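# Structural description and commentary
So the chains spell out like this:
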Amino acid sequence: MTTDTPTTRPEAATVPPPGAASASPRAGQGHRRLLTRRDRFTLALMAGVPTVLHVALVWVTAIASILLAFTTWDGIGFDSIKWVGLDNFRQLFADNPQFWPAVQHNVIWFVVLILVPTPFGLLLAVQLDKRIRFSRVYQTAFFLPVVISMACIGFVWQLVYNPDTGLINSIIGANRPGHYIDWIGDPDLNLWAVLIAASWRHTGYMMILYLAGLKSVDPSLREASALDGANEWQTFRSIIFPTLRPTNTVVLVVTIIEALRAFDLVFVFNKGAQGTELLSILVTNNIIGESSRIGYGSAIAVVLLVISLAVIIPYLIATFRKERRA
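Thresholds, definitions, all that
- Residues numbered from 1 in each chain as written.
- Predicted model: local features only at pLDDT ≥ 70, side-chain atom pairs only at ≥ 80, totals over all residues.
- Heavy atoms only, no water.
- Helix = DSSP H or I, 4+ residues; strand = E, 2+ residues; numbered from the N terminus.
- Expected span 1.5 Å × (residues − 1).
- Bend = angle between axes of the 7 residues up to and from the residue.
- Buried < 20%, exposed > 50% of the residue type's maximum accessible area, 1.4 Å probe, protein only.
- Core = buried A, V, L, I, M, F, W, Y, C linked by side-chain atoms within 4.5 Å.
- Contact = heavy atoms within 4.5 Å.
- pLDDT = per-residue confidence, 0-100.
- Salt bridge = Lys/Arg side-chain N within 4 Å of Asp/Glu carboxyl O.
- Patch = residues over 30% accessible without salt bridge, like charges linked within 9 Å, V, L, I, M, F, W, Y side chains within 5 Å.
- Areas by Shrake-Rupley, 256 points an atom, 1.4 Å probe, with all protein chains shown as cover.

## Quick look at helix H7 (residues 135–147)
Compared with an ideal rise of 1.5 Å per residue, which puts 13 residues at 18 Å, H7 spans 18 Å between its outermost C-alpha atoms and is within 8% of the ideal. Bending of H7 peaks at approximately 30° at the position of Ala141, with proline Pro145 no more than four residues after it. Taken together, the buried positions of H7 are Ser135, Gln139, Pro145 and Val146.

Below you can see the structure in the form of structure tokens.
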């Protein structure tokens, strides 16, 4: 009697399942690095160079200016740097006859920008938001001064204010000998003349900001106001303007910064002399002037920095709080 015993071939036991052979290459591919060495080098170069430039040109210079504000230095050799403590600030607040007029002019600059071009920019934005014909053309025309360099704007307005051949004197008949009006050289007029040019540019800036804010207003609010019988002014006063509160905050901060950083236009007009002194002009005159006083100029820059931070920090805190609540 014979018994058949099942025999197993060794090679049959070692055969992998059908899906196993194909799974191992895929697993190996999943462990491959997505970035090659060349990609990592390019990424590091693209991120590293701007970071180094930003730190070197912004943070290092800002910290150096703060430290130099407590020293006296003529800019020739680092051996001539001497620590003087708060002497630069004492001299600035007590003995400099140009400092407080410059602060006053910066305040006037802010007040004029917030009272004249800001409401006018809001008016233009409201009108352009009605989708009138050629709205894009008007937006481009009003925003064009914002794109143009402040130095170019200064040269253009110098031609407008020219006592002999200027547009204004030619219109009012003040371009004859004995009747000239020196808009740039007269200390009682030049600051207001510069502010008119600055307002001309600032209006387009405010128009774009408010136009962006108006685009975010819910149309259903206007429809509900119209159904309630409110006219256009009542709708704007009670519905639209309250919803522009975030835009108004941005406009306020931007206007303050514009008033503090005002430099180009005044420097092109008359280099900040004869009634147009500004803090930025004083910084430049003391650092780059004939008698370089880098420590003293840095002290003025620190004062300007503190004023700027007093405005920017509360705005950033309020913005971060809104983001956390959202």
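## Remarks on the nonpolar core
One finds Trp109, Trp157, Tyr161, Leu265 and Phe269 to be the most contacted residues of the largest nonpolar core, which totals 23 residues. For this core, the secondary structure elements donating two or more residues are helix H5 (99–115), helix H8 (150–160), helix H10 (190–215) and helix H14 (264–270). If one sorts the elements of this core by residue count, H10 sits on top with six residues. Beyond its immediate sequence surroundings of up to four residues, Trp109 is in contact with Leu191, Val194, Leu195, Ala198, Glu258, Ala259, Ala262, Val266 and Leu278.

## Structural notes on the confidence of the model for the chain
Here the chain averages 85 in pLDDT, and 89% of its residues register 70 or above. Per-residue pLDDT stays below 50 along residues 21–25; that stretch engages in zero contacts with residues further than four places along the chain or on separate chains.

## Describing unusual backbone geometry
The phi torsion at Lys271 lies on the positive side, around 60°, for a residue other than glycine. With respect to the helices, strands and loops of the structure, Lys271 is situated in the loop between H14 and helix H15 (279–288). A residue is classified by how much of its surface remains accessible, and Lys271, at 54% relative accessible area, is exposed.

## Points about the pattern of salt bridges
Side chains that differ in charge, positive against negative, can pair when their charged atoms come close. A complete count under the given rule lists six salt bridges for this structure. Two residues, Asp129 and Arg222, come together in a salt bridge whose shortest N-O distance is 3.0 Å. Taken together, the residues Asp129 in the loop between helix H6 (117–128) and H7 and Arg222 in helix H11 (residues 219–227) connect sequence positions 93 residues apart. A relative accessible area of 12% means that Asp129 is categorised as buried. By relative accessible area, which is 29% here, Arg222 ends up partly exposed. Across the salt bridge formed by Glu258 and Arg201, the nearest N and O atoms sit 3.7 Å from each other. Of the two residues, Glu258 sits in helix H13 (residues 245–260) while Arg201 sits in helix H10, which places them 57 residues apart along the sequence. One continuous salt-bridge network, built from bridges that share partners, spans Asp129, Lys215 and Arg222.

## Digging into a nonpolar patch on the surface
Together, Phe41, Leu45, Val49, Leu53, Val55, Leu57, Val58, Trp59 and Val60 make up a nonpolar patch on the protein surface, roughly 880 Å² of accessible area in all. Topologically, Leu45 is positioned in helix H3 (residues 37–68).

## A look at the environment of Trp192
With respect to the secondary-structure elements, Trp192 resides in helix H10. In this structure, the C-alpha to C-alpha distance between Trp192 and Thr276, residues 84 residues apart in sequence, is 9.1 Å. Ignoring anything within four residues of it in the chain, the contact list for Trp192 reads Ile108 and Val112.

## Focus on the side chain of Asn96
Turning to its location among the elements, Asn96 is positioned in the loop between helix H4 (87–94) and H5. Owing to a relative accessible area of 13%, Asn96 belongs among the buried residues under this scheme. Sequence-distant contacts of Asn96, that is, excluding residues within four places in its chain, are made with Gln91 and Tyr296.

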